[in-house]
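Chain by chain, the residues:
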Amino acid sequence: MRVRALRLRSALPLFVLILGAVIAGGMCGCGSSAIPDEDRSELILATTTSVLDSGLLDVLVERFEEKYPYRVKAIAVGSGAALLMARQGEADVTITHEPRAEKEFMDAGYGESRREVMYNDFIIVGPAADPAGIKGVGDAVEAFTRISASGLPFVSRGDASGTHAMEMSVWERAGIQPAGDWYMESGQGMGYTLRTADEEGAYTITDRATFIVLDEALDLEIMVEGDPGLLNVYSVIVTDPEVYPDTNIQGARDLQAFLFEPGTQELIGDFGVDTYGQHLFYVFK
Amino acid sequence: MVRRSALTLAVLVILGCLALFLCGCGEDEKKASPFLESEQRLEGMYEECKTIEISDPAGEHPDIDTDEIKSLPEVDVKTVLVRSNGMEKEGVWTGARLSDVLRGSGIEGPFTELRMEAWDGYVAKIGYEMAMRPDTILAWEEDGAPLPEEQGPVRLVVGSEDGFYWIHRITRMEIVR
């Protein structure tokens with residue numbers, strides 16, 4: 001009996017050591033960082049909602065905070081709103097997908113640097129029956145022309161988003177001013193817009209990542225994809241500290257650099273493949 | 001024999017811990033929910049936005065109750081909302097003048113800026129002159145109907161300015177002096 005107790009006692013330290021190592025390893029893997037809170041400064045990131053809704057934002061922020069001494073305050077709004085926040089000195093760094101507005105922002109002197117960090121594409125989705133006959137046309141302008149001519153419902157974001165900016169550029173290229181009973185404006189985010197299109201048997205345009213995330217809950221199908229004009233490029237912009245000296249410039253620069261580190265680029269490129277079986281974002285080679 | 005059973009127990013516990021950590025670290029399990037993360041985060045927003053916190057270096061002021069705003073003189077602002085992407089929406093917004101709301105809360109002017117913060121962290125700043133304009137209101141109706149719930153109980157309408165200033169889901173107003 002005494003021998004058995006001794007053996008058990010000698011096995012216990014080993015057990016405790018292994019358990020401790022497993023817990024420590026697990027905590028490291030879950031993003032616990034050695035950087036104390038008091039050593040962290042706040043970094044305000046204004047980003048487009050699709051980066052949040054895809055799940056990528058949380059993973060990026062967690063990785064960034066593991067390595068760098070910042071506490072990221074991420075604000076997910078439309079691209080236009082994100083850039084407008086930065087224009088007022090309320091965001092240190094932005095991730096947006098509205099190239100025209102980004103270039104205006106840079107030209108106006110509000111940005112220190114802008115780098116294209118990743119991309120996917122916009123797609124046109126609609127009811128499986130495809131009453132407007134656009135499936136497979138491969139050309140967004142032609143698809144919009146057919147939808148408009150058919151008078152079948154189309155749901156627009158109608159907000160200050162990069163998606164809406166892309167939609168308007170397609171209508172512009174088609175020479176169409178969309179208006180009428182068939183043209184509905186949700187004035188809201190991509191999730192609401194997709195659900196409305198689903199309920200109304202309508203067409204809409206969406207970024208691919210958001211559609212993939214909601215795909216299982218919708219009856220909508222991809223109608224048009226692969227049009228080079230529907231490329232959806234995300235850029236990271238560091239706010240110019242000369243305009244707003246209170247900007248957390250080092251944090252903004254560190255975040256921008258972090259997004260281009262090989263490990264981060266690999267993470268972005270592979271993100272979602274395990275879960276959805278397809279890429280949500282691509283990185284530039 | 002005893003050592004073997006202790007080791008078996010240790011291995012089992014370790015495997016259990018590993019499974020727990022792996023679950024906790026899992027990146028993104030596919031959600032059956034038809035709602036996106038940005039939408040799920042709005043839960044409780046409307047109720048929270050019924051109270052607007054005031055911050056003023058000149059002194060303390062009570063929070064603004066959005067129901068109380070509706071007892072102030074009502075004005076209609078007929079204008080065109082111009083969004084940042086250039087899109088326009090014509091309409092009539094009904095509400096109380098921001099100047100009346102501020103005065104009613106005991107906030108004295110002039111101040112440099114009014115910094116308005118929204119539920120999602122969005123921020124817009126307006127100067128004193130803009131805040132005092134007669135067509136700057138906290139609106140609770142749009143075209144005769146209550147604001148869509150996702151905009152919160154009230155929203156700022158600045159009749160003579162772009163949509164950038166038309167902040168909704170307001171949670172906080174900070175006076176910058």
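Given the structure is predicted, the values throughout are model-derived calculations rather than measurements. (Residues numbered from 1 in each chain as written. Chains lettered and ligands numbered in written order. Predicted model: local features only at pLDDT ≥ 70, side-chain atom pairs only at ≥ 80, totals over all residues. Heavy atoms only, no water.)

Caption draft 1: The arrangement of the overall build of chain A in detail. Looking only at helices and strands, chain A has 12 helices and 9 strands in total. Every one of the 285 residues in chain A was classed for burial, and the buried ones make up 54%. (Helix = DSSP H or I, 4+ residues; strand = E, 2+ residues; numbered from the N terminus. Buried < 20%, exposed > 50% of the residue type's maximum accessible area, 1.4 Å probe, protein only.)

Caption draft 2: Representation of the side chain of Thr-79 of chain B in the model. All names here are of chain B. Assignment of secondary structure puts Thr-79 in strand 3 (residues 74–82). For Thr-79, a relative accessible area of 12% puts it in the buried group. Those residues in contact with Thr-79, other than ones at most four positions away along the chain, are Lys-89, Glu-90, Gly-91, Trp-93, Gly-159 and Trp-166. (Contact = heavy atoms within 4.5 Å.)

Caption draft 3: Main features of the pattern of salt bridges. Scanning all chains against the criterion turns up 28 salt bridges over all chains. Across the pair Glu-90 of chain A and Lys-125 of chain B runs a salt bridge whose closest N-O atoms are separated by 3.1 Å. Placement of the pair is Glu-90 of chain A in the loop between helix 4 (79–87) and strand 3 (93–96) and Lys-125 of chain B in strand 6 (residues 123–127), with the two residues belonging to separate chains. For the pair Glu-90 of chain A and Lys-125 of chain B, one class covers both residues: buried. Measuring nitrogen to oxygen at the nearest pair gives 3.0 Å for the salt bridge that ties Arg-41 of chain B to Glu-37 of chain B. One salt-bridge network, held together by shared partners, links Glu-90 of chain A together with Glu-53, Arg-115, Glu-117, Lys-125, Arg-172 and Glu-174 of chain B. (Salt bridge = Lys/Arg side-chain N within 4 Å of Asp/Glu carboxyl O.)

Caption draft 4: A look at the environment of Ala-252 of chain A. All names here are of chain A. Within the fold, Ala-252 resides in helix 10 (residues 249–259). What makes Ala-252 buried here is its relative accessible area of 0%. Along the sequence, Ala-252 and Ile-237 sit 15 residues apart, while their C-alpha atoms lie 8.4 Å from each other. Not counting residues within four places of it along the chain, the set of residues in contact with Ala-252 comprises Leu-43, Asp-92, Val-93 and Val-238.

Caption draft 5: Structural context of the pairing of strand 3 of chain B. All names here are of chain B. Side-chain alternation along strand 3 places Val-75, Val-77, Thr-79 and Leu-81 on a buried face and Glu-74, Asp-76, Lys-78, Val-80 and Val-82 on a face that remains uncovered. The pairing of strand 3 with strand 4 (residues 88–97) spans 9 bridges and is classified as antiparallel. Paired with Val-77 across the strands is Trp-93, a residue of strand 4. (Pairing = 2+ DSSP bridges.)

Caption draft 6: Up close: the sheet that holds strand 10 (residues 170–176) of chain B. All names here are of chain B. Strand order in this open sheet of 5 strands is 2-1-10-5-6, and the pairing throughout is mixed. Only two strands of the sheet have a single neighbouring strand rather than two, namely strand 2 (64–65) and strand 6. Across 5 bridges, the pairing between strand 5 (residues 113–118) and strand 6 is antiparallel. Within the sheet, the bridge partner assigned to Glu-117 lies in strand 6 and is Val-123.

Caption draft 7: Representation of the nonpolar core within the structure. One finds Leu-98, Leu-114, Tyr-122, Leu-156 and Met-173 of chain B to be the most contacted residues of the largest nonpolar core, which totals 52 residues. Per-element accounting of this core gives the leading share, 6 residues, to helix 4 of chain A. If sequence neighbours within four positions are ignored, Leu-114 of chain B has contacts with Leu-98, Leu-102, Ala-124, Lys-125, Ile-126, Met-173, Glu-174 and Ile-175 of chain B. Counting 48 residues, the second largest nonpolar core, distinct from the first, contains Leu-43, Ala-76, Leu-214 and Leu-220 of chain A. (Core = buried A, V, L, I, M, F, W, Y, C linked by side-chain atoms within 4.5 Å.)

Caption draft 8: Layout of the packing of helix 4 of chain A against helix 5 (residues 99–107) of chain A. All names here are of chain A. At a minimum axis separation of 10 Å, helix 4 and helix 5 run at an interaxial angle of 10°. In this view, helix 4 runs roughly parallel relative to helix 5, as classed from their interaxial angle. Judged by residue contacts, Leu-83, Ala-86 and Arg-87 of helix 4 engage Ala-101, Glu-102, Glu-104 and Phe-105 from helix 5. Class assignment of the residues belonging to the contact of helix 4 with helix 5 gives a composition of 4 nonpolar, no polar and 3 charged. (Axes fitted to C-alpha atoms, helices over the stretch in contact; angles between N-to-C directions. Parallel < 35°, antiparallel > 145°, perpendicular 65-115°, else oblique. Nonpolar A, V, L, I, M, F, W, Y, C, P; charged D, E, K, R; others polar.)

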